[in-house]
Amino acid sequence: MFNKYLLKLSPMQPEFRRGMLYDFNPVGFGSMLIAAGVSVLAFFGGLGAAIRPYSPLVAIGLALVLPPIIAIATKGKYYLRRTDDGIDLPMLDEHGNPSDAHLKCQVCHHDYERPDMIKSAASDGFICSLCLSTDKTGEHVLPAHT
C-alpha cells in the first residue's frame, strides 16, 4: 500500500511474467528476512527481557516500516526489469480489459491470450509465461532495460 499508492515506487499494474521481473526483489524478501531475524532475536532475549514477549509485534512493526525504506533506498528499480515486453499488440483493450488477442507459444505451441505472453529473445516468436518460468537455460529471457 505504501510503496504503490503513497510513494509511487511500485508499478500500479501487478506483473507476474517471469521475463519482466528480477530474480530477487530486495524490498519484499529483504524486509521479511530482517523482520523475521530481529523477531527471533527478540524472542530468545537478544534485545532484552522486556521486549521478549513482544517479539511478534517487533516482526509486524518491522514488516510495515522496512518495505518503504528499502524501496526508497533502491529507488524502486527492482520491481520490474523491463517496461516493454517486446510485443507490438496492446495489453489492454479500449475498455481497460485484458486484450483477447491470441498468440502462439513457440515452445509448447499452444495459443495464449496477449497478457500471458512475452517476446522471446531466442527468435522472433513469442513465449508463454509458463514456458518462460520453466526455461532452465534463460535463452528466451529478454535482457533487462538499463
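Residues numbered from 1 in each chain as written. Predicted model: local features only at pLDDT ≥ 70, side-chain atom pairs only at ≥ 80, totals over all residues. Heavy atoms only, no water.

## Quick look at the overall build of the protein
Here is the rule: Working definition: helices are DSSP H or I runs of at least four residues, strands are E runs of at least two. Numbering for both runs from the N terminus. Using C-alpha atoms as the atom set, the radius of gyration is obtained and then compared with a globule rule of 2.2 Å times the number of residues to the power 0.38. Categorising residues by exposure relies on relative accessible area from a 1.4 Å probe, with only protein chains included: less than 20% of the type maximum marks a residue as buried, more than 50% marks it as exposed, and the intermediate range marks it as partly exposed.
Within the protein one finds 4 helices and 4 strands. For the protein, the N- to C-terminal ordering of α and β elements is α-α-α-β-β-β-β-α. Relative to the globule expectation of 15 Å for 146 residues, the C-alpha radius of gyration of the protein, 20 Å, shows a markedly less compact shape. Within the protein, the proportion of its 146 residues that are buried is 30%.

## Topic: the pattern of salt bridges
How we decide: Should a side-chain nitrogen of Lys or Arg be within 4 Å of a carboxyl oxygen of Asp or Glu, the pair is scored as a salt bridge.
Under the definition given, this model contains 3 salt bridges. Its salt-bridge partner being Asp111, residue Lys104 comes within 3.6 Å of it at the nearest N-O pair. Its relative accessible area of 48% is what places Asp111 among the partly exposed residues.

## Concerning the confidence of the model for the protein
For clarity, the threshold we go by: pLDDT is a residue-level measure of predictor confidence that goes from 0 to 100.
Of all residues in the protein, 99% have pLDDT values of 70 or greater, and the mean over the chain is 88. The secondary structure element of the protein with the lowest average pLDDT is helix α1 (residues 2-6), at 82, and the one with the highest is helix α2 (residues 26-43), at 95.

## Regarding the side chain of Ser31
As a reminder of what qualifies: Each polar contact in these results corresponds to two N or O atoms within 3.5 Å; when the atoms are within protein, one needs to be able to donate a hydrogen and the other to accept it, and residues that are neighboring in sequence are counted only if both atoms are side-chain atoms. A contact between two residues is defined here by any heavy atoms of the two lying within 4.5 Å.
Looking at the secondary structure, you find Ser31 in helix α2. Residue class for Ser31 comes out buried when judged on its relative accessible area of 4%. Polar contacts involving the side chain of Ser31 include one to the main-chain carbonyl oxygen of Val27, which spans 2.7 Å. Setting aside residues no more than four positions away along its own chain, Ser31 makes contact with Pro26, Leu66, Pro67 and Ile70.

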